[in-house]
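So the chains spell out like this:
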2 protein chains.
Amino acid sequence: MKKIRLGIVGCGIAARELHFPALKELTDKFEIVAVTSRTREHAEDFAKLVSETLGSTPQVFNSYEELLLSKQVDAVDLTLPIELNVPFIKQAVEHDLHVICEKPISTDVKSGKELVEFSLQTNKVIYIAENYRHAFKYNKIRELLHEGAIGQPIFVDWHLWIGMDKENKYVKTTWRQIPKHIGGFLSDGGVHHIAALRVMLGDIEWVSGQVKRITDYLGDVDFLSTLFEFKTGVVGNYTVSYAVKGEKYFEIVGTEGKIRLTPNSIVLSGKVNEEIPLIQENTFKKEFEDFYEVLTTEKPNILGNPAEALKDLAFFEAAIKSKGEKVEIERLIKEA
Amino acid sequence: MKKIRLGIVGCGIAARELHFPALKELTDKFEIVAVTSRTREHAEDFAKLVSETLGSTPQVFNSYEELLLSKQVDAVDLTLPIELNVPFIKQAVEHDLHVICEKPISTDVKSGKELVEFSLQTNKVIYIAENYRHAFKYNKIRELLHEGAIGQPIFVDWHLWIGMDKENKYVKTTWRQIPKHIGGFLSDGGVHHIAALRVMLGDIEWVSGQVKRITDYLGDVDFLSTLFEFKTGVVGNYTVSYAVKGEKYFEIVGTEGKIRLTPNSIVLSGKVNEEIPLIQENTFKKEFEDFYEVLTTEKPNILGNPAEALKDLAFFEAAIKSKGEKVEIERLIKEA
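Since the structure is predicted, the reported quantities are computational estimates derived from the model, not experimental observations.

Novice: Could you clarify how one ought to interpret a negative patch on the surface in this entry?
Specialist: A contiguous patch of negative charge, built from Glu205, Glu325 and Glu328 of chain A together with Glu205, Glu325 and Glu328 of chain B, is present on the exposed surface. Within the secondary structure, Glu325 of chain A sits in the loop between α10 (306-322) and β15 (327-328). Glu325 of chain A gets classed as partly exposed once you look at its relative accessible area, which sits at 35%.

Novice: Explain the sheet that holds strand β10 (residues 235-241) of chain A to me, please; I cannot follow it from the model alone.
Specialist: Within a sheet, neighbouring strands are paired by backbone hydrogen bonds and run either parallel or antiparallel to one another. Residues and elements named next belong to chain A. Strand order in the open sheet made by the nine strands is β14-β13-β12-β11-β7-β10-β9-β8-β15, with mixed pairing throughout. Strand pairing shows two members of the sheet lacking a second neighbour, β14 (274-277) and β15, which therefore form its edges. Of the strands in this sheet, β7 (153-161), β8 (204-212), β9 (223-230), β10 and β11 (249-254) are in contact with helix α8 (residues 185-201), which crosses β7 at around 155°.

Novice: I'm lost on the nonpolar core in this one. Help?
Specialist: Generally speaking, nonpolar side chains in soluble globular proteins are found buried as a group. One finds Val76 of chain A together with Val76 of chain B to be the most contacted residues of the largest nonpolar core, which totals 180 residues. Beyond its immediate sequence surroundings of up to four residues, Val76 of chain B is in contact with Leu6, Gly7, Val9, Tyr64, Leu67, Leu68, Ala92, Leu97, His98, Val99 and Ile100 of chain B.

Novice: Please explain the packing of helix α6 (residues 136-146) of chain A against α8 of chain A as it appears in this structure.
Specialist: Two packed helices can be described by the angle between their axes and the distance between those axes. Residue and element names in this part refer to chain A. Closest axis-to-axis distance for the α6/α8 pair is 7 Å, and the angle between their directions is 30°. In terms of orientation, α6 lies roughly parallel with respect to α8. Our pair here, α6 against α8, has a crossing hand that is right-handed. Together, Tyr138, Asn139, Ile141, Arg142 and Leu145 of α6 and Ala196, Val199, Met200 and Leu201 of α8 make up the contact between the two elements. Across the contact of α6 with α8, the residue classes break down as seven nonpolar, one polar and one charged.

Novice: What's the story with the sheet that holds strand β6 (residues 126-129) of chain B in this structure? I'm lost.
Specialist: Residue and element names in this part refer to chain B. Ordered in space as β3-β2-β1-β4-β5-β6, the six strands form an open sheet in which the pairing is parallel. Of all strands in the sheet, those with a lone pairing partner are β3 (59-61) and β6, marking the two edges. Pairwise comparison of adjacent strand axes, ignoring direction, gives a mean angle of 25° for this sheet. On the sheet, helix α4 (residues 85-94) packs against β1 (4-9), β4 (75-78), β5 (98-102) and β6 and is oriented at approximately 165° with respect to β5. Along the sheet, helix α9 (residues 283-296) contacts β1, β2 (30-36), β4, β5 and β6; its crossing angle with β5, the most-contacted strand, is approximately 160°.

Novice: It is not clear to me how the layout of surface pockets should be interpreted in this structure. Could you clarify?
Specialist: Where empty space is left in the structure can be found by rolling a water-sized probe over the atoms. Residue and element names in this part refer to chain B. Quantified by volume, the second largest pocket comes out at close to 590 Å³. Along the walls of the second largest pocket sit 28 residues, with Arg198, Val199, Met200, Leu201 and Gly202 positioned nearest its centre. Contributing elements (two or more residues each) for the lining of the second largest pocket: α6 (136-146), β7 (153-161), α8 (185-201) and α9. Here the element with the most residues in the lining of the second largest pocket is α8; it accounts for five residues. For the lining of the second largest pocket, the per-class residue count stands at 11 nonpolar, eight polar and nine charged.

Novice: When you look at the side chain of Ser187 of chain A in this model, what are you seeing that I'm missing?
Specialist: Residue and element names in this part refer to chain A. Along the chain, Ser187 turns up in helix α8. Overall, Ser187 belongs to the buried group, its relative accessible area being 0%. The residues contacting Ser187, other than those within four sequence positions of it, are His181, Ile182, Leu313 and Phe316.

Definitions and limits used
Residues numbered from 1 in each chain as written. Chains lettered and ligands numbered in written order. Predicted model: local features only at pLDDT ≥ 70, side-chain atom pairs only at ≥ 80, totals over all residues. Heavy atoms only, no water. Patch = residues over 30% accessible without salt bridge, like charges linked within 9 Å, V, L, I, M, F, W, Y side chains within 5 Å. Areas by Shrake-Rupley, 256 points an atom, 1.4 Å probe, with all protein chains shown as cover. Salt bridge = Lys/Arg side-chain N within 4 Å of Asp/Glu carboxyl O. Lys, Arg positive; Asp, Glu negative; His and termini not counted. Charge placed at Lys NZ, Arg CZ, Asp CG, Glu CD. Helix = DSSP H or I, 4+ residues; strand = E, 2+ residues; numbered from the N terminus. Buried < 20%, exposed > 50% of the residue type's maximum accessible area, 1.4 Å probe, protein only. Pairing = 2+ DSSP bridges. Contact = heavy atoms within 4.5 Å. Axes fitted to C-alpha atoms, helices over the stretch in contact; angles between N-to-C directions. Core = buried A, V, L, I, M, F, W, Y, C linked by side-chain atoms within 4.5 Å. Parallel < 35°, antiparallel > 145°, perpendicular 65-115°, else oblique. Left-handed = near helix turned anticlockwise from the far one by under 90°. Nonpolar A, V, L, I, M, F, W, Y, C, P; charged D, E, K, R; others polar. 1 Å grid on protein atoms, 1.4 Å probe; cavity = no way out; pocket = protein on both sides within 12 Å on 5 of 7 lines; lining within 4 Å. Points joined across faces, edges and corners; volume = space filled by probe spheres on them.

Right, here's the structure in full:
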């Protein structure tokens, strides 16, 4: 089996804590051969981590440009400040390399849309890594809904009280403190939730939202509440605060029952009464496996498709701009 | 103490099951001396109920007109199909009588607004009976919020899955099956919830909503989900279905804690951790006591004020017309 020679670009939290733990389980598929980071020290630390864990030492490059020109990699894995995603992806493709890039696709819909258009002009794979699309729980819920486990779904409600304090490692990231991406944490963290909602219930037609800024240390607005409608007619509320900490709440209500998501299980009640335990899984590993299949087989790039990532981001741009007005997602993308 | 001589107009569910049980506890304040109903038999049954319970038999009138002309009553208590509220209230006042009338104020904002304007031209009391404004739990929560029990309130969410079946006594009422009031059960039942929200959190600035019709036997749309904002900046979601039955969910989230309402208690968590048991109370009795005080003392008509009832109704007209667009409540009233 052909191994993909991978260059890691950006050695921050996502590279160290999310991607590397997945990649180290996939040494039959990926070989980390090159590393670069804005700070050379970070790149060297990362190379050392790879070396100590896997026994082979990737080459440290002083710059992204040098890595791209090295001819040593087949693909790059980008975990960067969001504003660098689009230019770095384009640069990789222009150097004839495939790309996997951590979500969100970009800072805003306009630049994200440009990338989607760019992706249609190349035969290189541009894979936006959204691990929530690979998660068992959301895919299982989609399946349950399709089986009619709660009758006709009517309504979904998701509250998340994430409550990050000043010492949170993400909060301390400079590029998150002065975000160039729309809505700061709202879009950065939020695309996961919208990806999950879309896995379960399909595309969203429109959203009406209102934002608030509750704390001064989260870089931007940090609270959002929305009303929205899926193309199927299912109505939803999604409310999130990165300032206030508390219990999450997730439920889908249908004509014949209800699905709740708890930290450990999917709970069905009504027509079907069942508790389905959540499985232990590494969704990052799943996304790299999918990326590998897209690179090495005829499998189309569905789960990492930039157009899908753009829809997740567009929800936030729509909701943040809304101030209570209805914003149609497709129209927002079209007119961006 | 002066007793108010009361004429009961309309002898349906509300008169028998909501108002009479309250009035029979208030024989020192009210004397039911007259009764009329569209169906004479219902009026006679009601008179019999009064007679058997209280020992004095009210006079049964063939028509509202006759009752108004009888000079035997000081005030009328109207529990009618909603479309009769405004004309019947006006007629009572024109006959120099005070009125207490079961919510909602009217079928729509336009006619409700006319009644509010009419109420300002008379010194007769027009009291719209909204028992939720008198409930301990909502007033207690308002107090807790004012005391800062959860810090700065940010968000309120209220889901109600009322789930009425075809055999429900309200569903079987003809005027509810072919409703002339906006949104059928949505406004009929819903004004209670908005009254409660306004007791707790003040006036609502705007709403964005979406409605659905899930069943065919509830006369009109039967599901509503909304995003809205109070004048204070608190954001809310209110979702209700009269078709789907399920557990209610109510919470207010603040910067330093949360208030949940359970069937038996108010549960505070965060800054304050306390469970406050709900008290046994008859909120209809409280509203009649308040009506009595307004009639017999200098107490202003605040809790039964038609202008307040109009705001509750306006929320629904706004939310139903919205289809995702932002509708400002005051503007809707102004332009009606």
